[in-house]
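A closer look at the structure
These are the residues of each chain, in order.
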Amino acid sequence: QVQLVESGGGLVQAGGSLRLSCEASGRTFSSYTMGWFRQAPGKEREFVAAITRNGGSTYYADSVKGRFTISRDNAKNTVYLQMNSLKPEDTAVYYCAEKLYSGSYYYSNQYAYWGQGTQVTVSS
């Protein structure tokens, strides 16, 4: 049974920073690409960032490129999302996910396992 547990969300002022963590259990963490998605009220879930199994490649949505950094520590079964220069439009529930299928990292249906989400609220 795969479990993904996010933490690190909270309330921050615009321009501030937060670091999200997602700890995985139940599978060989280092075997899978991991992703972060977010969902704002009334909007569809959207891709934020992804990182390959060994951390050698990372991918970002245009809206967060240059501000967010995804990383992973396979020894700790944990993936991180460092978020800097936060904007009110970054307000959402953030989810980590484990990619199981071979399609694009961009699409949520390529991920089989999801965490419960952590709320990020950016005030203006």
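Below, the structure is looked at part by part. Remember, predicted model here, so these are calculated numbers, not experimental data. Within any chain, residue numbers begin from 1 and follow the written order of that chain's sequence. In keeping with the predicted nature of the model, local features appear solely for residues at pLDDT of at least 70, side-chain atom pairs appear and are counted solely at 80 or more, and the whole-chain, interface and lining totals rest on all residues. Only hydrogens and water are set aside; all other atoms, that is, all heavy atoms of the structure, feed into the side-chain values.

1. Some remarks on the sheet that holds strand 1 (residues 3-7)
Pairing between the strands of a sheet is mediated by backbone hydrogen bonds and can be parallel or antiparallel. A pair of strands is treated as paired once DSSP finds two or more bridges between them. Strands here mean DSSP runs of E at least two residues long; helices mean DSSP runs of H or I at least four residues long; both are numbered from the N terminus. Strand order in this open sheet of 4 strands is 1-3-8-7, and the pairing throughout is antiparallel. Pairing within the sheet leaves two strands with one partner each, and these edge strands are strand 1 and strand 7 (68-73). Adjacent strand axes in the sheet meet at a mean angle of 15°, parallel and antiparallel pairs treated alike. Relative to strand 8 (residues 78-83), strand 7 runs antiparallel, the two sharing 6 bridges. Within strand 8, the residue paired with I70 across the bridge is L81. Only the contacting stretch of a helix is used when fitting its axis, a line to C-alpha atoms as for every element, and angles between N-to-C directions run 0 to 180 degrees.

2. A few points about the state of the cysteines
By disulfide we mean two sulfur atoms from cysteines, separated by a distance within 2.5 Å. Inspection of the entire model under this criterion finds 1 disulfide. Between the sulfur atoms of C22 and its disulfide mate C96 the distance is 1.9 Å. Between C22 and C96, the S-S torsion sits near 45°, and that sign places the bridge as right-handed. With C22 in strand 3 (residues 18-25) and C96 in strand 9 (residues 92-99), the pair connects residues that are 74 residues apart, well separated along the chain. One exposure class covers both C22 and C96, and it is buried. Burial classes follow relative accessibility: with a 1.4 Å probe on protein chains only, a residue under 20% of its type's maximum area counts as buried, one over 50% as exposed, and anything between as partly exposed.

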